[in-house]
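# Examination of the molecular architecture
These are the residues of each chain, in order.
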Amino acid sequence: MTSIGTGYDLSVSTYSPDGRLFQVEYANKAVEAAGVAIGLRCTDGVVLGVERLLHSKLLVKGANRRIASVDEHIGMASAGLLADGKFLGSRGRDEASSFRDNYNSPVTVQILSDRLSAFLQAYTCYGSVRPFGLSTLLGGVDKTGPKLFCIEPSGVYYGYRACAVGKGKALAKTELEKIVSKEADGQPGISVREAVKEIARIIYLVHDDNKDKDFELEMTWICTESGNKHAPVPADLLVEAEAAAKAALEEGMEED
Amino acid sequence: MFRNSYDSDNTTFSPQGKLFQVEYALEAVKQGSAAIGLRSATHAVLLTLKRSTGELATYQKKLIRIDDHVGVAIAGLTSDARVLSNFMQQQAMRSRMTYGRPIPVARIVQSIADRAQTNTQEYGRRPYGVGFLVIGQDETGPHLFEFSPAGTGFEYYAHSIGARSQSAKTYLEKNFDSFENATLPELINHGLSALHDTLQQDKHLSIANTSIAIIGPSDSAIEDLAISSAAKRGNFRVWENEGVDGLLRAWRRSRGEPEDGPAEETAAAPADADADAAAAPSAEEGQTAQGSEQAPAGAPAGGEDVNMEEQ
Amino acid sequence: MSHHPAMWKQPSAHSSFNDYATFPLAQTQRHSAISHGATQHTQQPLVTGTSVLGIKFDKGVMIAADNLASYGSLARFRDIQRLHPLGKHTLLGVAGDMSDYQWLKKELDALLRQEEALSLTDSHPSLSPSNIYDLLANLFYGRRSKMNPVWNAVLVGGWDKNKKESFLAFIDLLGTTYTAPTLATGFGAHLAQPLLREAFEAKAGVDGKGPLLTQEEGEKLIDDCMKVLFYRDARSINKYQVAIITEEGITISDSKSAPTEWSFAEGLRGYGAQTQ
C-alpha cells in the first residue's frame with residue numbers, strides 16, 4: 001500500500017493499518033543513499049571496506065574516515081547518516097568499555113551487536129525520537145573466532161559470512177555470494193589477504209563513475225597479521241588491491 | 001504553511017530518507033555572511049566578512065578564540081554559536097587541566113558534532129542554526145574543519161561557508177593545489193581573493209568589514225608583533241580594523257591594484273566606508289540576505305586574542 | 001599519621017596485640033566513636049609493594065621493582081609484576097597498596113584503549129608520558145583531598161616522541177609531585193637514591209649537563225641498588241625486574257637476582273640454626 005499522505009508514516013510510534021512502521025522503512029532509504037560498506041568473514045579474521053564518497057575535492061585526502069574502532073578487537077563500518085554513525089560508534093565504545101569494567105574480559109562481537117541492536121531498537125519505539133538512519137557492520141575476532149554482524153535501523157541484527165550495506169548493496173551481495181559459495185562447495189575458505197582484494201574489486205565494481213561522486217577506498221581488518229587488533233589494512237596491500245581492482249574493472253568492460 | 005508534511009519536526013524522515021529540518025538548518029548557515037578557511041603545511045587561517053545592521057551599529061564579530069591553538073569562524077545564528085563555542089572552550093580547558101595537553105583539534109570538533117547530532121534525533125529540539133570553520137594546530141600539524149548542524153565535522157584543505165560562499169569555493173577549488181607549500185602572506189592573499197569573490201559587484205573588502213585569524217608561526221612582514229603576543233607565540237590571533245590594514249594592502253599590491261583600495265568605493269557607496277574609519281557607517285549593510293549576526297559588538301580590537309563579547 | 005613506608009603496618013603505640021606486625025590489623029580502636037557511624041576511607045594499605053627505582057640514561061629511562069607483594073611482614077605474593085606499560089612509550093612502577101595498583105591499571109588501560117580506538121578515526125597520537133603523569137597527579141591529589149587517598153607511590157617513566165627526550169617523575173598518595181634524573185620511592189629514597197645520585201653525578205655532573213650513563217652502566221647501577229635494598233629492606237625479595245624505555249619502545253626484563261653473600265650472618269643470633 002502507499003504510505004505517503006496517509007498520515008501513518010509521520011511517526012515511528014504509529015503503525016499503518018497493515019502493520020508496518022513506515023518511519024523505519026524511510027530510515028532505510030537514508031542508508032541506501034550512502035556509499036557501500038562491505039564486511040567479509042574469513043578463515044583467519046574479518047575485513048571491512050567502505051567506499052568513501054567525496055562530496056568535495058577540497059576534503060583532505062585520507063581523512064574523514066568512516067570505519068571506527070569500538071574496542072581493540074572490534075571495528076564498525078556504518079552506511080547512512082554520518083553523524084548517526086559517529087554517535088553509535090561512541091555508544092559502542094562505551095558498551096565495550098563497560099563490559100570490560102564489569103566482567104574483566106573483552107566483549108564478544110555477538111554480545112556487542114546484541115547491546116547495540118537493543119539501543120537502536122529503542123529508537124523505533126517512541127514518537128519523541130527518530131530511528132537511526134544507519135546500517136552497521138560490526139566485525140571482530142574474539143574468543144569464539146572471527147565474527148561479522150549487521151545491525152539495521154529496525155534494531156534487527158544477524159550474523160553473516162559476508163554482508164554489504166549502502167548504495168549498490170544488491171550487486172555487492174551477488175559478488176559476495178560467489179565467494180562464500182566456494183567455501184560451501186567444500187573449497188577452503190577465503191583468507192584476509194584475498195578478501196582485501198575481493199572487497200576492493202567489488203567496491204570498484206559497484207561504484208558508478210558516471211553517476212557517483214569520486215571516492216576513496218578505506219579498509220581495515222582484524223586478523224592474525226594485525227595481532228587480532230582492529231587496524232587499517234597496510235598501505236602497500238591496499239594500493240596493490242586497488243590496482244588489481246581497477247585492472248579487473250577494465251577487463252570486465254572489454255568483455256562487455 | 002509547510003512545504004510538505006515531513007518537514008515540521010526533526011524526528012520525521014521523509015519517504016526519501018531525508019531530514020528536512022536538518023536541511024533547513026543548513027539554510028540558516030547560508031544566511032550568515034561568508035567565512036573562509038585555508039591551511040598550508042605550516043599555517044591555518046580564517047577570513048570573514050563582517051556585517052553591520054546599520055549606521056549606529058558596529059560590525060558583528062565572526063571569529064572566536066577557543067584556546068591558544070584553536071579558533072573558529074561562524075556563519076549563522078550567533079547565539080547558537082556562543083553556546084557551542086563556550087562548550088568548546090570548556091572542553092579545551094578540561095583537556096589542559098586533566099592531561100596538560102592541548103585538545104586534539106579533531107576531537108574538539110567531534111565533541112560539538114556529537115552535540116549537534118542529538119539535536120537531530122530528539123523531539124522538541126531543533127538542529128543548531130550555525131556552521132563553524134574551525135582552525136587549529138596540534139601534534140599532527142595545522143588543521144581546518146567544517147562543523148555543520150547535521151552533526152558532521154569534515155576536514156578540508158580549504159573551505160567556505162555562509163552567504164555566496166559558492167563563489168569562494170570555486171576560487172579555492174581552482175587554487176588549492178598551491179596552498180600546501182604556500183607562505184603565510186600567500187595563503188592570506190588566496191583567502192582574501194576568495195573572500196572578495198563572495199562580495200556583490202560594487203562592494204569591496206575594507207578594514208571595517210574584513211577580519212582575519214591566523215594560527216602558526218608569525219610573519220613580521222605582515223603582522224605587527226609589538227601589539228600581539230599571541231602572534232609572537234604562533235597562537236590563534238585575530239587581525240581586524242587597523243590591524244588588518246597591512247594585510248589588505250599587501251593583498252591589493254599582489255593583485256596590482258591601488259594599495260589604498262578602489263577609489264570608486266566612495267563614489268559608489270551611499271554611506272562612506274573609508275579605510276580609516278573603523279567605526280564608520282559602511283556600504284556593506286544589506287549586502288546579502290537578512291543578517292543573522294546582528295548584535296552590536298564591543299570595542300574594536302586588533303591583533304590580540306579575541307574574547308567573546310557580552311550582549 | 002606518618003605515611004612513610006617504614007610505618008606501614010607497624011603497630012601503633014596503644015595497640016595491645018599484633019606487636020610483631022606479622023599481619024596487618026586495623027589500627028583503629030574497635031569501640032571508639034570513629035568506628036560507629038562515621039564514614040571511613042582507607043586507613044592503611046594491606047598488601048604492599050616496596051621500593052621502585054628509576055634512572056635516566058643516555059638513550060632513555062630504566063625503572064626497576066622487585067616481585068614481592070607483602071601482607072604485613074609476610075612475603076605473601078612472590079611473583080607480582082609491579083612494572084606496568086601504558087602504550088608504547090610510558091611505564092608505571094608502583095609501590096604501596098597492590099589492590100589500588102590493580103585498580104589504577106584497569107582505569108588507565110581503559111583510558112588508553114579509548115585513545116587508541118579514537119586514533120583510528122583522527123590519527124592523533126595517544127597520550128604522552130607527561131600527559132599520563134599529569135592525569136595521575138590530578139587523580140592522586142583529588143583523591144587525597146577527599147580524604148580517600150590512592151595508597152601508592154608511583155614512578156612514571158617514558159619517552160616523549162615530540163621532544164625526543166626521556167621522562168621520569170614521581171607521585172605519591174598525597175599528590176606530591178617532583179621530577180629528577182634519578183628517583184626512588186619508599187626505602188629506596190633513603191637507601192638507593194644516594195647511590196643513584198652519586199653514580200649519575202659522577203658522569204653528568206651536579207648540574208646534570210655532562211654525559212649520561214650508558215644502558216650497561218645504568219643496569220649495573222640498578223643491580224647494585226637492588227642488592228643493597230634486598231640486604232636492608234625487610235619487605236623486599238631478591239627477585240626483580242628492570243624495564244627499559246627508549247625511543248624504540250619498552251622492554252621489561254625477566255625476573256633476576258643479585259648475587260648476595262650471607263656468610264657473615266652465620267654468627268648472628270636469629271639467623272640460621274640456633275646454636276644455644
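Scoring rules and cut-offs
Just so you know, the residues in each chain are numbered from 1, in the order the chain's sequence is written. Written order decides the labels, with chains lettered from A and ligands numbered from 1. Only residues with pLDDT of at least 70 are given local features in this predicted model, and only at 80 or more are side-chain atom pairs given and counted; all residues enter the totals for whole chains, interfaces and linings. Water and hydrogen atoms play no part in the side-chain values, which are based on all heavy atoms of the structure. Here, two residues are considered to be in contact whenever any of their heavy atoms come within 4.5 Å of each other. Accessible-area loss on putting two parts together, using a 1.4 Å probe and summing over both, is the definition of buried area adopted here. Think of a salt bridge as a Lys or Arg side-chain nitrogen and an Asp or Glu carboxyl oxygen that are within 4 Å of each other. Throughout this description, a polar contact denotes any pair of N or O atoms lying within 3.5 Å of each other; where both atoms belong to protein, one of them has to be capable of donating a hydrogen while the other can accept it, and for residues adjacent in sequence the pair is counted only when both atoms sit in side chains. Helix and strand assignments follow DSSP, with helices taken as H or I runs no shorter than four residues and strands as E runs no shorter than two, numbered in order from the N terminus. Think of it as three bins: nonpolar holds Ala, Val, Leu, Ile, Met, Phe, Trp, Tyr, Cys and Pro, charged holds Asp, Glu, Lys and Arg, and polar takes everything else, Gly as well. The pairing criterion for strands is at least two bridges between them, as found by DSSP. Helix axes use the C-alpha atoms of the stretch in contact, all axes being lines fitted to C-alpha atoms, and the angles between their N-to-C directions lie in the range 0 to 180 degrees. Computed over the protein atoms alone on a 1 Å grid, cavities are sets of points where a 1.4 Å probe fits but cannot get out and pockets are open sets with protein on both sides within 12 Å along at least five of seven lines; a residue lines them when it has an atom within 4 Å of a point. Grid points are joined across faces, edges and corners, and a volume is the space filled by probe spheres set on the points. Here, nonpolar core means buried Ala, Val, Leu, Ile, Met, Phe, Trp, Tyr and Cys residues that are tied together by side-chain atoms lying within 4.5 Å of each other. Remark: exposure states derive from per-residue accessible area (1.4 Å probe, protein chains only) relative to the maximum for the residue type, with buried under 20%, exposed over 50%, and partly exposed in between. UniProt positions are given in the numbering used here, feature names are shortened, and annotations may be inferred rather than shown by experiment. Two aromatic rings, drawn from Phe, Tyr or Trp (for Trp, its six-membered ring), form a pair once their centres lie within 6.5 Å of each other, and the interplanar angle then sorts them: stacked below 30 degrees, edge-to-face above 60, tilted otherwise. Exposure above 30% relative accessible area and the lack of any salt bridge qualify a residue for a patch; like charges then connect within 9 Å, and the nonpolar side chains Val, Leu, Ile, Met, Phe, Trp and Tyr within 5 Å. All accessibility values rest on the Shrake-Rupley procedure with a 1.4 Å probe; residue burial counts only the protein chains present in the view. Throughout this description, any angle smaller than 35 degrees is read as roughly parallel, any larger than 145 degrees as roughly antiparallel, any in the 65 to 115 degree range as roughly perpendicular, and the remainder as oblique. In this scheme the handedness of a crossing depends on how the near helix is turned from the far one: anticlockwise by less than a right angle means left-handed, clockwise means right-handed.

### Looking at the interface of chain B and chain C
In this complex, chain B contributes 11 residues to the contact, which on the side of chain C involves 16 residues. For the pair chain B and chain C, the summed buried surface comes to about 1200 Å²; carbon and sulfur atoms form 48% of the total. Sorting the residues of chain B by area buried against chain C places B:Tyr99, B:Arg107 and B:Glu139 first, and these three jointly supply 54% of that buried surface. One can count 3 salt bridges joining chain B with chain C. Put simply, C:Glu115 and B:Arg101 hold a salt bridge, and the shortest N to O gap is 2.9 Å. Applying the counting criterion to the chain B and chain C interface returns 8 residue pairs in polar contact (both at pLDDT 80 or more). Where the side of chain B that touches chain C is concerned, the elements lending two or more residues are α2 (78–99) and α3 (105–118) of chain B. When residues in the side of chain B that touches chain C are grouped by element, the largest group, 3 residues, is from α2(B). Tallied by class, residues from the side of chain B that touches chain C come to 4 nonpolar, 3 polar and 4 charged.

### Section: the sheet that holds strand β5 (residues 130–138) of chain B
Residue and element names in this part refer to chain B. Read across the open sheet, the 5 strands follow the order β3-β4-β5-β6-β7; overall the sheet is antiparallel. In the strand order of this sheet, the two ends are held by β3 (63–67) and β7 (152–155), each with one partner. Each neighbouring strand pair of the sheet contributes to a mean axis angle of 25 degrees, computed without reference to strand direction. Across 4 bridges, the pairing between β3 and strand β4 (residues 70–76) is antiparallel. Residue Asp67 lies in a different strand from β4, and its bridge partner there is Val70. On the sheet, α2 packs against β3, β4, β5 and β6 (141–148) and is oriented at approximately 20 degrees with respect to β3. Together, β3, β4, β5, β6 and β7 form the strand contacts of α3, whose direction differs from that of β6 by roughly 5 degrees.

### Notes on the layout of surface pockets
One way to see where empty space is left: roll a probe the size of a water molecule over the atoms. Of the volumes computed, that of the second largest pocket is approximately 920 Å³. As for the second largest pocket, its lining consists of 33 residues, of which C:Gly87, C:Lys88, C:Glu116, C:Ser119 and C:Ser126 are closest to the centre. Elements with a contribution of two residues or more to the lining of the second largest pocket: β3 (67–71) and β10 (230–232) of chain A together with α1 (98–122), α2 (129–145) and β8 (152–160) of chain C. With 7 residues, α1(C) is the largest single contributor of residues to the lining of the second largest pocket. Taken together, the residues of the lining of the second largest pocket sort by class into 11 nonpolar, 11 polar and 11 charged.

### With respect to the nonpolar core
Judged by nonpolar contacts, the single largest core of 53 residues is most densely connected at B:Leu38, B:Leu172 and B:Ile188. No other element matches the 6 residues that helix α5 (residues 184–196) of chain B contributes to this core. Apart from residues no more than four positions distant in its own chain, B:Ile188 is found in contact with B:Val45, B:Leu47, B:Ile212, B:Ile214, B:Ile222 and B:Leu247. Counting residues in hydrophobic clusters, the runner-up holds 31 residues, among them A:Leu40, A:Cys42, A:Ala172 and A:Val192.

### Quick word on the UniProt feature "domain: Proteasome alpha-type subunits" (unreviewed entry) in chain A
In the UniProt entry, the feature "domain: Proteasome alpha-type subunits" (unreviewed entry) is given for residues 8–30 of chain A. Between the C-alpha atoms that bound residues 8–30 of chain A the distance is 19 Å, and the span itself is 39% helix and 0% strand.

### Considerations on the packing of aromatic side chains
Per the counting criterion, the structure on display carries 18 aromatic pairs over all chains. Where A:Tyr26 meets B:Tyr6, the ring centres are 6.2 Å apart and the plane angle is 80 degrees; that geometry is what we call edge-to-face. Taken together, the residues A:Tyr26 in helix α1 (residues 22–32) and B:Tyr6 in the segment before α1 (20–31) connect one chain to another. With 5.8 Å between their ring centres and 50 degrees between their planes, A:Phe119 and A:Phe132 make a pair best called tilted. Of this pair, A:Phe119 sits in helix α3 (residues 109–122) while A:Phe132 sits in the loop between α3 and β5 (134–142); the two residues are 13 residues apart in sequence, bridging distant segments of the chain. According to the relative accessible area criterion, A:Phe119 is buried, its value standing at 13%.

### Here's the deal with a nonpolar patch on the surface
The grouping of C:Tyr231, C:Phe264, C:Leu268 and C:Tyr271 at the surface amounts to a nonpolar patch, some 390 Å² of accessible area in total. Here C:Leu268 shows up in the segment after β13 (249–252).

### Considering the packing of α2(B) against α3(B)
All names here are of chain B. At a minimum axis separation of 10 Å, α2 and α3 run at an interaxial angle of 135 degrees. One way to sum up the angle between α2 and α3 is to call them oblique. Crossing hand, α2 versus α3: right-handed. Where α2 approaches α3, its residues Val83, Leu84, Phe87, Met88, Gln91 and Ala92 are matched on the opposing element by Ile108, Ser111, Ile112 and Arg115. Along the lines of polarity and charge, the residues of the contact of α2 with α3 split into 7 nonpolar, 2 polar and 1 charged.

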